Every structure is written in C-alpha cells, then in structure tokens.
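Overview (structure and organization)
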Amino acid sequence: MCCLTAVADVFSLGADISWCTEMEQKGQKLFNYLGEEREATALMKEMGLDAVRLRVWVDPKEHGGWCGKDDVLTKALRAKELGMDVMVDFHYSDWWADPGKQNIPAAWAGHKYKQMLTDVAQHTTEVLQLLKDNGVEPRWVQVGNETSNGMLWPLGHISNGQWKDEGGKWTKEARQYAGFVKAGYDAVKAVCPKALVIVHLDNGYDDVLYNNNLDALKENGAQWDIIGMSLYPFWTFKAGYEGTVERLMGECIRNMNMLTKKYGTDVMIVETGYKVAPSTPEVMEEGRRQLAELIRLCREKTAGHCKGVFYWEPTCRPSMYELGAFGEDGKPTAIMRAFTMANLQSVYDRPLVTLHTSVG
C-alpha cells in the first residue's frame, strides 16, 4: 500500500494581538493596505499570519478586565473560527510580568510556596479548561512570560544572577522557580496533552542567560517542550549593545542551535518588534528588512528546530508603542510585508508531500 506523508514541518508566523478587544472598545479601527476595514485577527490572517498569541492575567479587574480569562476566550474563538493556531501566554500576575517585575497576583498574596504551586496549577487549569470547553485547544502554552529572573517574586526571584549559593548548590529561589514551571507544565498537560509548553526568556542572543536559567529548571525537575525567545534589536541597541543587527541575529541563531543540541527541544521567537516612524518611510523599510532577515535565518539556519516567529502587538499605534507595525491611521506599515512575503515563500518554495511506497 502507499500513503502520503507531509515532509515539511510547520513554521508558524504569528502575532500577539492581545490588545485588540480593548482597542475596539476605544473605537480604534484597523485597515488593510487597500484601506478596507478589518477585525484584527482576520487582518493578521489576510496578511499571511497563521497564529495568534494571547496573554492572560489572573485578575485584571483594576485594568478593565482585559486579558482576563473571558477576554482571552473571546479572542481565541475568533482565531479558531479563522483556522488559526493559538498560543496562550500565562503571566501569573494581575498585570505585566517581565524580567524587571514578576508580581504575585493579589489573590495569592501571603501564600507560602506549596500553596502557590497549587495556585499556579489551578489558574492554568481554569483558563485552559474554559478554552477547551468552548472548542479551543491551544497549540502552545507559555508557562510564564520572560522569566529570565524567575517568576512569582520574591518566592521565585533570581536576584543579580545568583542561581547558586556559595557552596555551588541551587538557591531556594531557583528551586522554587523550577517548581512553579513544573506545576504549570503538569497542569497544561493534564488539560491539553497535545499542547506544547514554552519557557520564555528575553534577549535571545544571551547564551549565558539561557544556560543558567534552563539548567536550573532541568536540574530541579522542570520540563518544557519549546524554548521561547524575545529578540528586540531596537531595545538591545538602546541598552548599549555594540555591533551590527546582523551580528545580533547571528548570535541569536547560534544560541538557538546550541540550546536545541544541549536540551533536545525546539525553539521559537515568541516576541519581536521594529521601530515605527510614520514620517520616515525608510525606518519602516529597515524594520521590514530586519524582520524578513530574522524569519529567513530562523527558517533556514536552525536545521528545522526554530518553529516560528511572532511579532508583539503589531496593530497598536505608534503613540501607544513605538515598536508596533501600524501607523496612527490604523493601516499597516511596510514592516508587515515581511510576513506576507514569508508566507508566499512558504507556499511556493516548500515541498508539501512526498510519496512513500511500501508493500504489505
């Protein structure tokens, strides 16, 4: 007998559009290149993206409820209707979590470590079960957002890079950080066994950061399926990086290849973004060039181990965030053409199936 087997592994092109429902309520409209009005999720698909990333906060009632579990469901259902994949990004906080802050949710304040393990598991289960009950099964789930210095501070806070004590043993905080990741991972697999769990750190070029963080997780019982990276050339240069953007991207790719070999798991760029300057078209063209090059390198120089590139909040206006990819008029800038062209390349250049013949 014979069968058709796909040979090309999927490389996802996606965007975090978690702001979209809040923007809609504020009357901010979006348009395609032709000036035709579109809903954010549908516009992303029209422009060549096949996935969305949605952050979730534990109880953002003081922030309008945006990115709470019900808001996440609303956005996830839109993606499902369009046949797009969904990445859920758990912050384990009531508001933003990143390398500079990992604030414990108000409802968990005062909880000891063991209780907070239960908190993590219950929150993860509650959100994913809500999605699953409504027909949405995420393809990926992030257990924490940019947890470069740990999560749920102070219990899982790695301060000043102190992963080990003077005796060379993992600090209590490092062990507890690993425990939180394990609790999240186990909860994800219990509800959505096929979902791929992502551990997400910033500065994708920083091999020391990734080795220290992931060693702490692995040696203290935590698991993951994919290593998620942020890579923002703009912010990296602002922080004093010396070198070219090509060098920076090359260091990121080398880090990816090292990590996949060392830990045996795939990688993704789950956040990137480029400068928007509406009065200076060449700035957006340079952003398009850089994004296109990052996508190309991730697809061609990682032996298939990089599984995709996601842009962070492309639809927001420059007055909201300077690394979006749309103008104040709600229309996409040249930056977004990197996704459109990458999508066309994948359609025309990638082999779709191969024929295997066997007798039996």
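As a starting point, this report considers the structure included with it. (Residues numbered from 1 in each chain as written. Predicted model: local features only at pLDDT ≥ 70, side-chain atom pairs only at ≥ 80, totals over all residues. Heavy atoms only, no water.)

**Structural notes on the overall build of the chain**
Across its full length, the chain carries ten helices and 14 strands. Over its C-alpha trace the chain gives a radius of gyration of 20 Å, about what one expects of a compact globule, namely 21 Å for 360 residues. With the C-alpha coordinates aligned to their principal axes, the bounding extent of the chain is approximately 60 × 60 × 50 Å. On the chain, roughly 15,900 Å² of surface is accessible, and the fraction owed to carbon and sulfur atoms is 52%. Side-chain charges of the chain comprise 40 positive and 48 negative groups, with the mean position of each set lying 3 Å from the other. (Helix = DSSP H or I, 4+ residues; strand = E, 2+ residues; numbered from the N terminus. Rg over C-alpha atoms; globule rule 2.2 N^0.38 Å. Areas by Shrake-Rupley, 256 points an atom, 1.4 Å probe, with all protein chains shown as cover. Lys, Arg positive; Asp, Glu negative; His and termini not counted. Charge placed at Lys NZ, Arg CZ, Asp CG, Glu CD.)

**Quick word on the environment of Glu22**
Among the structural elements, Glu22 can be located in helix α1 (residues 20-25). When its relative accessible area of 17% is taken as the criterion, Glu22 is described as buried. Taking C-alpha positions, Glu22 is 21 Å from Met84, a pair spaced 62 residues apart along the chain. (Buried < 20%, exposed > 50% of the residue type's maximum accessible area, 1.4 Å probe, protein only.)

**Let's talk about the nonpolar core**
Note that soluble globular proteins tend to have their nonpolar side chains buried in a common cluster. Counting 90 residues, the largest nonpolar core has Met44, Leu214, Leu217, Met256, Ile269, Leu291 and Cys298 as the members making the most contacts within it. No other element matches helix α5 (residues 172-191), which puts nine residues into this core. Membership of the second largest hydrophobic core comes to eight residues, among which are Ala51, Trp140, Val270 and Phe310. (Core = buried A, V, L, I, M, F, W, Y, C linked by side-chain atoms within 4.5 Å.)

**Looking at the side chain of Arg53**
Within the secondary structure layout, Arg53 lies in strand β5 (residues 51-56). With relative accessibility at 0%, the residue Arg53 sits in the buried group. At 3.0 Å, the side chain of Arg53 and the side chain of Asp89 are in polar contact. There is a polar contact of 2.9 Å between the side chain of Arg53 and the side chain of Gln142. (Polar contact = N/O pair within 3.5 Å; in protein donor to acceptor, adjacent residues only side chain to side chain.)

**Overview of the packing of α5 against helix α6 (residues 207-219)**
Between α5 and α6, whose axes approach to 8 Å, the crossing angle comes to 70°. Overall, the two elements α5 and α6 adopt an arrangement that is roughly perpendicular. As for how α5 packs across α6, the hand of that crossing is right-handed. Residues Tyr177, Ala178 and Val181 of α5 lie in contact with α6, whose contacting residues are Asn213, Ala216 and Leu217. Residue composition of the contact of α5 with α6, grouped by class: five nonpolar, one polar and no charged. (Axes fitted to C-alpha atoms, helices over the stretch in contact; angles between N-to-C directions. Parallel < 35°, antiparallel > 145°, perpendicular 65-115°, else oblique. Left-handed = near helix turned anticlockwise from the far one by under 90°. Contact = heavy atoms within 4.5 Å. Nonpolar A, V, L, I, M, F, W, Y, C, P; charged D, E, K, R; others polar.)

**Structural notes on the packing of aromatic side chains**
Following the criterion strictly, the structure yields 17 aromatic pairs and no others. Judged by centre distance (5.4 Å) and plane angle (15°), the ring pair of Phe90 and Tyr92 falls under stacked. Consider the rings of Tyr274 and Tyr311, whose centres lie 6.1 Å apart with planes at 50°: the pair is tilted. With Tyr274 in the loop between β12 (266-272) and α9 (281-300) and Tyr311 in strand β13 (residues 306-312), this residue pair connects regions lying 37 residues apart in the sequence. Each of the two residues, Tyr274 as well as Tyr311, counts as buried. Put simply, the rings of Trp19, Trp57, Trp95, Trp96, Trp312 and Tyr321 pair up and form one aromatic cluster. When the ring centre of Trp170 is taken as origin, the NZ or CZ atom of Lys164, which lies over that ring, is 4.6 Å away. In this structure, Arg337 packs its charged tip against the face of Tyr33, placed 3.7 Å from the ring centre. (Phe/Tyr/Trp six-rings, centres within 6.5 Å; stacked < 30°, edge-to-face > 60°. Lys NZ or Arg CZ within 6 Å of the ring centre and 35° of its normal.)

**Things to note about the pairing of strand β6 (residues 85-90)**
For β6, a buried count of five out of six residues is recorded, marking the element as mostly surrounded by other parts of the structure. Relative to β6, β5 is paired through six bridges, and the arrangement is parallel. Bridging across to β6, Arg53 finds its partner in Met87. As defined by bridge partners, β6 adjoins strand β7 (residues 140-143) across four bridges and the pair is classed as parallel. Residue pairing for β7: Met87 is matched across the bridge by Trp140. In this view, the connection linking β6 to its parallel neighbour β7 by way of helix α4 (residues 113-133) has right-handed handedness. (Pairing = 2+ DSSP bridges. Right-handed = clockwise from strand over helix to strand, strands pointing away.)

**A few points about the environment of Gly100**
Turning to its location among the elements, Gly100 is positioned in the loop between β6 and α4. Each C-alpha atom, one on Gly100 and one on Asn149, is 7.9 Å from the other, the two residues being 49 residues apart in sequence.

**Details of the side chain of Thr124**
Locating Thr124 in the fold gives a position in helix α4. Contact partners of Thr124, with chain neighbours within four places excluded, come to Phe90, Tyr92, Gly184, Ala187 and Val188.

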